[in-house]
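Given next are the chains, with one letter for each unit.
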Amino acid sequence: MKIVIKKDYVELSKFAALEVKNILEDNPNCTLGLATGSTPLGLYKELIKLYNLGEINFSSVTTFNLDEYRGLNEEDEQSYKYFMNDNLFNHINIDKNNTFIPNGIAEDVERECENYEKLIGEKGGIDLQVLGIGMNGHIGFNEPNQELYLNTHLETLTEETLNSNSIFFTNKEKMPTEALTMGIGSIMKAKKIILLISGKNKAEVVKKLVSGKITTDFPASILQVHNDCTVILDEEAAALLNK
Ligand code: F6R
């Protein structure tokens, strides 16, 4: 696991955008794995800027998002499908037919998950996976547990995740308690991973991430054995490293 420390969130986001740009330059038909949440918003802003400057071309790119809330459809402003359209896809030249997110309202969830996993394989796997990390060490919505799932599956969200993510919901009661998420195996199969972590509230999380131990109590710890994973931190998130 390689660690890169940038001065602040803006610099972190710019660095991550260059990583994406490099992948697209090497392979314009590449497949990106994308995340939602607060952390990648700066990256998406930078990608839109690069697109507007004519420096990046998404016309042949395919994307797979990590996860989607169970029960929300794409018109719902809290759905990750809406989030991705609103924060990235509506502003770049990507073909939306090539943007995939698990269907949160699928009647047969098991089948939806199987098909999602299969589709990632059919598209040749993920070339670059963008990740954020939860306060409990989750990646995607793979929550700490005794066992972790390899493939895309339905996950029950923990109290901690519900609390952290409730900031996005005006009506907390309406927040889904389950999500469809790529599994740990789906994530680990990505050829390259960039994990973005920002802010002092994530400093403890960073410390655990690089602990040198792997545990299902902290799912992101498995990233320590990925052979091309770069953790991009800002100085605040890196504050407790080596302490
Ligand atoms: C989002 C996702 C989650 C988030 C994580 C951090 O698609 O899969 O793992 O990356 O919860 O969220 P933020 O960035 O809001 O702190």
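For clarity, every value in this text was computed on a predicted model and none was experimentally measured.

(A) Structural view of helix α3 (residues 80–87). Where α3 is concerned, the buried positions are Tyr-80, Phe-83, Met-84 and Asn-85. Here the buried face of α3 lies against β2 (31–34), α2 (41–52), β3 (62–65), β4 (67–69) and α5 (159–165).

(B) Examining the pairing of β2 more closely. Residues Thr-31 and Gly-33 of β2 are buried on one face, and the alternating residues Leu-32 and Leu-34, pointing to the opposite face, are buried as well. Pairing analysis gives 4 bridges linking β2 to β3, with the strands arranged parallel. Paired with Gly-33 across the two strands is Phe-64, which belongs to β3. The handedness of the β2 to β3 crossover, carried by α2, is right-handed. Strand direction decides the pairing type here: β2 and strand β6 (residues 128–131), joined by 2 bridges, are parallel. Residue pairing for β6: Gly-33 is matched across the bridge by Gln-129.

(C) Up close: the packing of aromatic side chains. The tally for this structure, following the rule as stated, stands at 7 aromatic pairs. Consider the rings of Tyr-80 and Phe-141, whose centres lie 6.2 Å apart with planes at 15 degrees: the pair is stacked. With Tyr-80 in helix α3 and Phe-141 in the loop between β6 and β7 (153–156), this residue pair connects regions lying 61 residues apart in the sequence. An aromatic cluster of at least three residues, connected via ring pairs, comprises Tyr-69, Tyr-80, Phe-83, Phe-141 and Phe-169.

(D) Looking closely at the pattern of salt bridges. A full pass over the atoms with the stated rule returns 8 salt bridges. The partner of Lys-21 in a salt bridge is Glu-25, and the shortest N-O contact between them spans 3.4 Å. In this pair, Lys-21 and Glu-25 are both assigned in helix α1 (residues 9–26), 4 residues apart and thus about one turn of the helix distant. We note a salt bridge from Glu-117 to Lys-189, for which the minimum N-O separation is 3.8 Å.

(E) How the structure looks around the packing of α1 against α2. At a closest axis distance of 8 Å, the pairing of α1 and α2 adopts a crossing angle of 55 degrees. Compared by their axis directions, α1 and α2 come out oblique. Pair α1 / α2 crosses with right-handed handedness. Only Leu-41, Gly-42, Leu-43, Glu-46, Leu-47 and Leu-50 of α2 make contact with α1, whose side of the interface consists of Tyr-9, Ser-13, Lys-14, Ala-16, Ala-17, Val-20 and Lys-21. When grouped by side-chain class, the residues that make up the contact of α1 with α2 number 8 nonpolar, 2 polar and 3 charged.

Rules behind the numbers
Each chain carries its own residue numbering, running from 1 in the direction its sequence is written. Whole-chain, interface and lining totals are the exception, using all residues; otherwise, since this is a predicted model, local features are given only for residues with pLDDT of at least 70 and side-chain atom pairs are given and counted only at 80 or more. Side-chain figures throughout are based on the complete set of non-hydrogen atoms in the structure, without hydrogens or water. Exposure is judged per residue with a 1.4 Å probe applied to protein chains only, and the accessible area is read against the type maximum: over 50% gives exposed, under 20% gives buried, and values in between give partly exposed. For helices the rule is a DSSP run of H or I covering at least 4 residues; for strands it is a run of E covering at least 2, with both sets numbered from the N terminus onward. By the convention used here, residues are in contact when the closest approach between their heavy atoms is within 4.5 Å. Two strands qualify as a pair provided that DSSP identifies no fewer than 2 bridges between them. Here the term right-handed applies to a crossover when the path leading from its first strand over the helix to its second strand runs clockwise, the strands being oriented away from the viewer. Only centres within 6.5 Å qualify two rings of Phe, Tyr or Trp (six-membered ring in Trp) as a pair; their planes then separate them into stacked at under 30 degrees, edge-to-face at over 60, and tilted for everything else. Salt bridge, as applied in this entry: a Lys or Arg side-chain nitrogen positioned within 4 Å of an Asp or Glu carboxyl oxygen. To define axes, lines are fitted to C-alpha atoms, for helices over the stretch in contact only, and angles between the resulting N-to-C directions are given on a 0 to 180 degree scale. With respect to orientation, any angle under 35 degrees is reported as roughly parallel, any angle over 145 as roughly antiparallel, any angle of 65 to 115 as roughly perpendicular, and every other angle as oblique. Crossing handedness is read from the near helix: turned anticlockwise from the far helix by less than a right angle, it gives a left-handed crossing, and turned clockwise, a right-handed one. Each residue is assigned to one of three groups, with Ala, Val, Leu, Ile, Met, Phe, Trp, Tyr, Cys and Pro labelled nonpolar, Asp, Glu, Lys and Arg labelled charged, and all others, Gly among them, labelled polar.

In short, geometric facts, not functional conclusions.
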